[in-house]
Amino acid sequence: MNPPGHPLKDRAATGPVSKEAKVPGVKGHRDPSKLRDAALILPIAGILLLMPPILSLFETDDPDAGGPPVAIYVFGVWALLICCSFWLSRRLYRDSDDR
Amino acid sequence: MISANLIVFISLFYVALLFGVAWYGDRQAKQGGGAWLRSPITYTLSLSVYCTGWTFYGAVGSAVRNGLEFATIYLGPTLVFIGWWWFIRKVVRIGRNHRITSIADMLSSRFGKSNTVAVVATIAAVIAATPYIALQLQSVTLSFEAIVGGSERLDTTVAFWAATGMAAFTILFGTRSLDENERHYGVVAAIAAEAVIKLIALIAVGLFAIYGISGGLQDVVDNAARALPSLQEISPPRWVTLLFLAGAAIICLPRQFHVTVVENSSERHVATASWLFPCYLFLTSIFVLPIAIAGTSTMPAGSNPDLFVLTLPLSNDNDALAIFAFIGGFSSATSMVIVSTIALSTMVSNHIVAPLSMWFLSQQGTGRSGDVLRVLLNTRRISIGLILTLGFVYFRFTGGSDALASIGLIAFCGVAQFLPSLVAGVTWQGATRSGALAGLIGGFLVWCYTLLLPSFEGTLIMSADAVAHGPFGIEMLKPQGLFGAQDIDPLVHATVWSIGLNTVLLILVSLATRQSILERLQSALFVNAFRSEPAYAMGLVQRSAASEDLFILAQRILGAGTAKTMFDSAAREQGKLTGLPDATPNFISRLEQELAGSVGAASAHAMVNQTSGGGTISLDALMEIADEAARLMATTKALELKSQEAERTAAQLRAANQRLRLLDSQKDEFLSQVSHELRTPMASIRSFAEILESTPELDDASRGRFAGIIQSESVRLTRLLNDILDLKFLEDDAQRIPSHAIDAERSVDKALEVTEGTLADSPARIVQGRRCGQAQVYANSDRLAQVFINLLSNAIQHNASDTPVITVETRKDTNTYFVEISDNGSGVSATDRDRIFEKMVRGEKSRGVGLGLPISRQIVRSFGGDIELIDRDGPGATFRVTLPLHTPDEAP
């Protein structure tokens, strides 16, 4: 019993999407649910990589160290996160059923 | 030195340019053009209203004072935006579904369209924004003083005129109309332009610092550690706290909520912003470093690092760049103030003034078209002025002596109080209105006490002495060291206590209180934003009203034109060509949502209820929605179980199928062998019969011989058929051979008798070995004799020896009877050993059908015994028949 505009309608709307769903584990094919998991992992990985215990590995008190390792590390992680997000958002976006 | 007049002139020119952009954007949007206004790039640029005067000037100051810590302010939002799929996307979807106008509206709508929640959130937001707006005024003043080389004392007239100008711009472009979606294309266009300008200005100064002051990129990197030793280390508690506060601020700051959620025109824009906005922040932050390094290396000691962006070009006589930097800073400050005041004035007018004015106007008794609209627009204009005034007053009170970053952080911690309610609101259906209120109020009061009041340094409410030693000298209540905490960073201290108390209160009070029905509906719609259709929930609230009254209400709020368009389209949808639409519950809910887009959910709900006289929510329908998630989960679970069951059945079917295939192939093999076996005697019978028929001259001897052959072949045929029938019968009905307690030795004797009778003219002989004499078994004596005959004749027939000798021995132990029949033939070859008991298999060199052994085994097994081929020393084969002995008192 599905009245018009029933919540389940949204589920049904994912139909054509799942048709596009690719075989997981096959090279060059994507599984949307894996992408969504990756989207969840990304900020968590970012948080972990930017937590003090890891940052402290790069701390130094040598005044002649030149480019401070911890600063280089932080900006490196930052750039990496942006690249991953760029890659992920374009794919998630294609697979999403948003308006 | 640059003259003040020139700076004022340039600033005015820049502001005029901004007005032009805003006006052009508004006009484009109104004409339906301006796709660029709704592009993801414009959306992302408008998000960068996050980078205010604090960023433009304060980030460098912060980098000089606290090293790498400045980056957390931009890393926090980066982390939130790269996780857009899980949080921002949901908030944006809810915002669109429910026509949310501000963060206070969001919380109020979620917690049962409660006006109390909206009022508390509005007051909190205004108070938290005040120091932040003051910060912008301070940064404009500081930069102006720096560039014209004014006195050390901060000139408040600059701040005053800056505030006035910003108020004018905001009032002009931010409150032109009550847009049904609360979108301001002109303003967005202006802040997007400002975003570009401030980024380019900062990068320009950064490049100047690298190549104009330091000796290139390599030099900057080499000097980094020496110039800024603080870059080498971080303070863990502050680092984590700042990451958290910045991450919370990017969605909880009223202006960020406004640009991210309210001004959003497509969820797809969020996808682009998820990497482009972090990119913007990254660029901003990375150019802060060379400026900070060049500043500390070249500027005289004691100069304000907050102003390095400006003073570096100035002291190197690059006036043009200095002016450009000034404009960049000015852009940062103005865009923040404009969007903040729009967001805050919307909250004030929707949540504080709208309910009051509705009451006031209903007292007057006259309802003129657009009167509420006018009141609200005027309220917004007044609130914009008031909010800027508050900021100005704060700026004067605190004297603007603080570092820019620390003022901004006070505001961050204040707005972070929205986070627990916001997160719980969209993820936890059980969060209640009372819980949210308790959390908000508790957290907010702690923030005021531990962070905001101490920032006045004794000029407001608390004396300096009370801040330093606790009110009335009670050390335990020291604002910056509650319960005797010592040597803890005030920001970390305030964040932990306020957010901690906020969250705990939210959870505990939510668990202890109950939701109203409307709250349950809203919580289900919010938490299941991706699953439930808002349109479905529309008809849930059962209300009735006169269409005329609704039309009047809509006219008062939306204005005559908009109201008429909306009612006309609704009437057409209902199939009416003229007149007003029927006031169905669905239509009333839709109208409420349209109004919510202008005055907020709580006010719209109250107004519509005033006209329609309250209403009831169909409980059944509500339960259906509220339990949607639970039901879906149950369904999924059931499906999972079913599919597991189906899988098991399929596996069983597969196994059965495999067995059937095997049996089928065995049957085919059997049939082909049987037909082959049947054909041989048939062929000889037929050919001899033909000879007899076609050659009548045949002599008697031959005729007799042929008839003999025909007869013997017929007998063989009959026996074969009998065997097949036997086998069939035994396989079908093995248990039904009529059995009695018999003496098995007698069956052996009978078999020997019969067999010896056939041996008359054969060299073979049968030797009787040891016999046990008597053995009681439960069997059928004829069948048992048949088995022994079979074994004996096999032994004779398949014996290649010239003088076949068959030995028969019997014995028994306590409960088993053994019969062993051995011969002196060549034995059974290893390959045949395993197969001789299968149907239609014969020894390699033997004749015969090969049904004897399988039949015999079948018979013996039906009596509970077995036949096996046993190993024995010497030549020949030995078959052993075992049968269980029968004790008379034992039932079979």
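Just so you know, these numbers come straight off a predicted model, no measurement behind them.

K.L.:
When you look at empty space enclosed by the protein in this model, what are you seeing that I'm missing?
P.N.:
Remark: the empty space left among the atoms is shown by a probe the size of a water molecule rolled over them. All names here are of chain B. Summed over the entire model, instances satisfying the criterion amount to six cavities of 30 Å³ or more. Within this model, the second largest cavity holds a volume of roughly 90 Å³. Along the walls of the second largest cavity sit L37, R38, S39, Y43, S46, Y185, V188, V259, E263, S265 and H269, which together make up its complete lining. Those elements that place two or more of their residues in the lining of the second largest cavity are α2 (40-47) and α9 (185-213). When its residues are assigned to classes, the lining of the second largest cavity shows five nonpolar, four polar and two charged.

K.L.:
How should I be thinking about unusual backbone geometry in this particular structure?
P.N.:
Leaving glycine out, the prevailing phi sign among residues is negative, and the prevailing peptide bond configuration is trans. All names here are of chain B. You will see that R99, though not glycine, has its phi angle at about 50°, which is positive. Phi is positive for K113, which is not a glycine, with a value near 50°. Residue placement: K113 occurs in the loop between α6 (103-110) and α7 (115-148).

K.L.:
How should the pattern of salt bridges be read in this particular structure?
P.N.:
Should their charged atoms come close, side chains of opposite charge can pair. Residues and elements named next belong to chain B. Tallying each qualifying case throughout the model produces 16 salt bridges over all chains. With a shortest N-O distance of 2.9 Å, D489 and R238 are connected by a salt bridge. Here R238 lies in helix α11 (residues 236-252) and D489 lies in the loop between α20 (464-469) and α21 (490-512), a separation of 251 residues in the sequence. Of the residues examined, D489 reaches a relative accessible area of 25% and is grouped as partly exposed. Accessibility expressed as a relative area gives 16% for R238, which makes it buried. Salt bridges sharing partners connect three or more residues here, namely D743, E745, R746, D749 and R771.

K.L.:
What's the story with the UniProt feature "coiled-coil region" (unreviewed entry) in chain B in this structure? I'm lost.
P.N.:
As annotated in UniProt, the feature "coiled-coil region" (unreviewed entry) corresponds to residues 636-673 of chain B in the numbering used here. Helix makes up 100% of residues 636-673 of chain B and strand 0%, with an end-to-end C-alpha separation of 55 Å.

K.L.:
For this particular structure, what's the right way to read helix α5 (residues 88-97) of chain B?
P.N.:
Within an α-helix, residues lying three or four positions from one another point in the same direction, as the helix has 3.6 residues per turn. Where burial is concerned, most of α5(B) is hidden: nine out of the 10 residues are buried. If you check which residues of α5(B) are buried, you get I88(B), R89(B), K90(B), V91(B), V92(B), R93(B), I94(B), G95(B) and N97(B).

K.L.:
Would you take a moment to explain the UniProt feature "transmembrane region" (unreviewed entry) in chain A for this structure?
P.N.:
All names here are of chain A. Sequence positions flagged by UniProt for "transmembrane region" (unreviewed entry) are, in local numbering, residues 38-58 and 70-89. Within residues 38-58, the helical portion is 76% and the strand portion 0%, while the C-alpha atoms at the span's ends are 27 Å from each other. Between the end C-alpha atoms of residues 70-89 the distance is 28 Å, and the span holds 100% helix and 0% strand.

K.L.:
I keep staring at the confidence of the model for chain A and nothing clicks. Help me out?
P.N.:
The predicted coordinates of low-pLDDT regions are not to be read in fine detail. Residue and element names in this part refer to chain A. Per-residue confidence for chain A gives a mean pLDDT of 67; residues scoring 70 or more make up 57%. Considering each helix and strand of chain A separately, the mean pLDDT is smallest for helix α2 (residues 15-20), with a value of 38, and largest for helix α5 (residues 69-95), with 84. Below pLDDT 50 for its whole length, residues 1-29 participates in 34 contacts with residues either more than four positions away or in separate chains.

Each value, and the rule that gives it
- Residues numbered from 1 in each chain as written.
- Chains lettered and ligands numbered in written order.
- Predicted model: local features only at pLDDT ≥ 70, side-chain atom pairs only at ≥ 80, totals over all residues.
- Heavy atoms only, no water.
- 1 Å grid on protein atoms, 1.4 Å probe; cavity = no way out; pocket = protein on both sides within 12 Å on 5 of 7 lines; lining within 4 Å.
- Points joined across faces, edges and corners; volume = space filled by probe spheres on them.
- Helix = DSSP H or I, 4+ residues; strand = E, 2+ residues; numbered from the N terminus.
- Nonpolar A, V, L, I, M, F, W, Y, C, P; charged D, E, K, R; others polar.
- Salt bridge = Lys/Arg side-chain N within 4 Å of Asp/Glu carboxyl O.
- Buried < 20%, exposed > 50% of the residue type's maximum accessible area, 1.4 Å probe, protein only.
- UniProt positions renumbered as here; feature names shortened; annotations may be inferred.
- pLDDT = per-residue confidence, 0-100.
- Contact = heavy atoms within 4.5 Å.

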